[in-house]
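Take a look at the letters that make up each chain.
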Amino acid sequence: MRETPSTVVHEAPNTSWTRLFVSAENLRGYGISLALGSLLAISGAFETQNLPLWVRFAYWLPIMLAGAFIGGLISWKLVAIERWARSPFLSWAVVTLLVSIPMTVIVWAVTGLAFQDKLQPHALPYFFAPVAIISAFMAGLLTLTNQAPRETYGAPPSSADDKPATIRFLERLPISLRGAEIYAVSSEDHYLRIHSSRGTDLILMRLSDAINELNGIEGAQVHRSWWVARGAVKDVERGDGKAVFTLTNDTQVPVSRTYAKALREIGWY
């Protein structure tokens, strides 16, 4: 769905295994799983209505937590693959499929051993559809609630003998902005407006492609239509649950609610 991803512009993954247990997004996933599992138990979903209520809870809650753990592990690994990590729809589809396969086996095994006293191989395929429905719902909720801003990273310190890193996006600047400091890039229909120390100008490009080429300038996507250089933020105004960045050139940039929490966590304000 996207071109081959850059190897540098990405959301830096947390490589610690504790991420699966204590990160905000995974704790949220466990909470949603427990809530959905309780709802499935109370409603007697998928032909469990004839079981005692405590049995339904004992059946659904561990299964839903197992699904949340597997989903968290898969999502954690996908962060390293930008093509999937940066496309919400593709992430949702991939996570749904990869969670559904092992969870189908788990649900089939638990159901067979707990309620039928034996495993029935011929029944295994029939568990895939209901498991995939629940997995898709869970993955959709988490995809919507866990979106994080795409970040670009400044060039590492270099010695005097090193050549300066090439920032591909700067090669696309119109002549009037060559050599300028980039403050922000905003989307206007099919064009991008470049906000810089030498004024503004338009180029024909997608914002997602521009962010791919902005490595070397520390910044982040703060709104679906805005990328901002971190060093260009002069002030932050907050109110009514919203935030607005004021840049060095006094341009005001809205901060999306989708990204606000993540930006606070990485120290933007």
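Up top is the structure these notes are about.
Quick look at the structure, then. Small disclaimer: the values here were computed from a predicted structure and weren't measured.

Rules behind the numbers
- Along each chain, residue indices are assigned from 1 in the same order as the chain's sequence is written.
- Reporting in this predicted model follows two pLDDT cut-offs: at least 70 for local features of residues, and 80 or more for side-chain atom pairs to be given and counted; totals over whole chains, interfaces and linings ignore these cut-offs and use all residues.
- Water and hydrogen atoms play no part in the side-chain values, which are based on all heavy atoms of the structure.
- Stacked, tilted and edge-to-face pairs are distinguished by plane angle, under 30 degrees for stacked and over 60 for edge-to-face with tilted covering the rest, among Phe, Tyr and Trp rings (Trp via its six-membered ring) whose centres lie within 6.5 Å.
- Labels follow the DSSP assignment, with helices taken as runs of H or I lasting at least four residues and strands as runs of E lasting at least two, numbered in each case from the N terminus.
- Two strands pair if DSSP finds at least two bridges between them.
- Only buried residues count toward a nonpolar core. Its members are Ala, Val, Leu, Ile, Met, Phe, Trp, Tyr and Cys residues joined through side-chain atoms within 4.5 Å.
- Burial classes: relative accessible area under 20% of the type maximum marks a residue as buried, over 50% as exposed, and values in between as partly exposed (1.4 Å probe, protein chains only).
- Angular values range over 0 to 180 degrees, each being the angle between N-to-C directions of two axes fitted as lines to C-alpha atoms, with helices fitted over their stretch in contact.
- We call two residues in contact whenever any of their non-hydrogen atoms come within 4.5 Å of each other.

**What to know about the packing of aromatic side chains**
- If you walk through the whole model with that rule in mind, you get five aromatic pairs.
- With a centroid separation of 6.2 Å and an interplanar angle of 45°, the aromatic rings of F46 and W60 are classed as tilted. With F46 in the loop between α2 (24-43) and α3 (53-78) and W60 in helix α3, the pair connects residues that are 14 residues apart, well separated along the chain.
- Following the ring pairs from residue to residue traces out a cluster consisting of F46, Y59, W60 and F115.

**With respect to the pairing of strand β8 (residues 242-247)**
- Of the strand pairs in this sheet, strand β7 (residues 233-239) and β8 are connected by six bridges, and their pairing is antiparallel. Each residue of the ladder has a partner; that of E237, found in β8, is V244.
- Pairing of β8 with strand β9 (residues 252-255), which is carried by four bridges, proceeds in the antiparallel orientation. Looking across to β9, one finds that T246 is bridged to Q252.

**Considerations on the nonpolar core**
- With 34 residues, the main nonpolar core has F169 and W227 as its most contacted residues.
- Counting only elements with at least two residues in this core, the list comes to β2 (182-188), β3 (191-196), α7 (207-213), β5 (219-223), β6 (226-229), β8, β9 and α8 (257-265).
- One finds W60, V95, V107 and W108 within the second-largest nonpolar core, a separate group that totals 21 residues.

**Comments concerning the environment of F89**
- Mapped onto the secondary structure, F89 falls in helix α5 (residues 88-115).
- F89 sits in the exposed class, given a relative accessible area of 53%.
- As for F89 and G140, which are separated by 51 residues in sequence, their C-alpha atoms are 8.7 Å apart.

**A few points about the sheet that holds β9**
- With antiparallel pairing, the three strands of this open sheet are ordered in space as β7-β8-β9. This sheet does not close on itself; its edge strands, each paired only once, are β7 and β9. Strand-to-strand, the axes of this sheet are offset by a mean angle of 25°, without reference to chain direction.

**Some thoughts on α8**
- Of the positions making up α8, those classed as buried are Y259, A260, A262 and L263.
- Structurally, α8 contributes buried residues whose contacts are with β5 and β9.
- Looking at the residues trailing α8, positive phi occurs at G267, about 85°.

**Notes on the pairing of strand β4 (residues 199-204)**
- Note that β3 and β4 share six bridges and pair antiparallel. Across the sheet, R193 pairs through a bridge with L202, a residue of β4.
- Hairpin connection between β3 and β4: a loop of two residues separates the two successive antiparallel strands.

Function cannot be read off these values alone, since they describe shape.
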